[in-house]
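Observations on the three-dimensional arrangement
This is what each chain is made of:
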Amino acid sequence: MEYHVKASSSSKSNAHIGIKNSEISFVITPESADSLPNPAELFLGSFSSCILKNVERFSILMNFEYSSAEIRVNATLLEKPPRMDNINYVLNIYSQDQNLNTDLLKKNIEKYGTIYNTVKSICSIEGEIKKISE
């Protein structure tokens, strides 16, 4: 499988990523730094999306139901060379289902997540999955 995106920017303005039928704007100037995501935040958003996609995927394979899931991700920016490190996440899954095995879900996410595995090869990741009864 191959993936394709197209990105463009305008001098002293903003930039956009085109993915399928979606467009994501992001910041390249200080003027919009408070309103648009920066590349580091998009990176963490991709990481978060990977985990949430796998919650849905494994809900089918592991036979559990959930009403919603949310993830909070924090990371440290190292200075030299500039890079992300120490990614920490908390994944809350809202469910009443007794079939939800959070330890096995975490193991599966860590083993089969494409973005997760790409990121863990270059920095440390610590995470926690919490089942929240509704």
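Let us look at the structure shown here.

A look at the overall build of the protein chain
Secondary structure summary: the protein chain contains three helices and six strands in total. Seen along its three principal axes, the alpha-carbon backbone of the protein chain occupies a region of about 55 × 35 × 35 Å. Counting over 134 residues, the protein chain shows a buried share of 29%. For the protein chain, contacts bridging at least 24 residues in sequence account for 51% of all contacts bridging at least 6.

Quick notes on helix 2 (residues 102–112)
Taken together, the buried positions of helix 2 are occupied by Thr-102, Leu-105, Asn-108 and Ile-109. Axial view of helix 2: buried residues confined to an arc of 120°, hence all on one face. Among the exposed residues of helix 2, those oriented more than 90 degrees off its buried face are Asp-103, Lys-107 and Lys-111. The inward-facing, buried residues of helix 2 abut helix 1 (39–61), strand 5 (83–94), helix 3 (114–120) and strand 6 (125–132). Where helix 2 starts, the residue carrying a side-chain oxygen 3.2 Å from the main-chain nitrogen of Asp-103 turns out to be Asn-101.

Examining the sheet that holds strand 1 (residues 6–9)
In spatial order, the strands read 1-2-3; together these three strands make up an open sheet with antiparallel pairing. This sheet does not close on itself; its edge strands, each paired only once, are strand 1 and strand 3 (22–26). Across the sheet, the axes of successive neighbouring strands diverge by a mean angle of 20°, strand direction being ignored. Across four bridges, the pairing between strand 1 and strand 2 (residues 15–19) is antiparallel. Looking across to strand 2, one finds that Ser-8 is bridged to His-16.

Each value, and the rule that gives it
Residues numbered from 1 in each chain as written. Predicted model: local features only at pLDDT ≥ 70, side-chain atom pairs only at ≥ 80, totals over all residues. Heavy atoms only, no water. Helix = DSSP H or I, 4+ residues; strand = E, 2+ residues; numbered from the N terminus. Buried < 20%, exposed > 50% of the residue type's maximum accessible area, 1.4 Å probe, protein only. Contact = heavy atoms within 4.5 Å. Arc of directions from axis to C-beta. Polar contact = N/O pair within 3.5 Å; in protein donor to acceptor, adjacent residues only side chain to side chain. Pairing = 2+ DSSP bridges. Axes fitted to C-alpha atoms, helices over the stretch in contact; angles between N-to-C directions.

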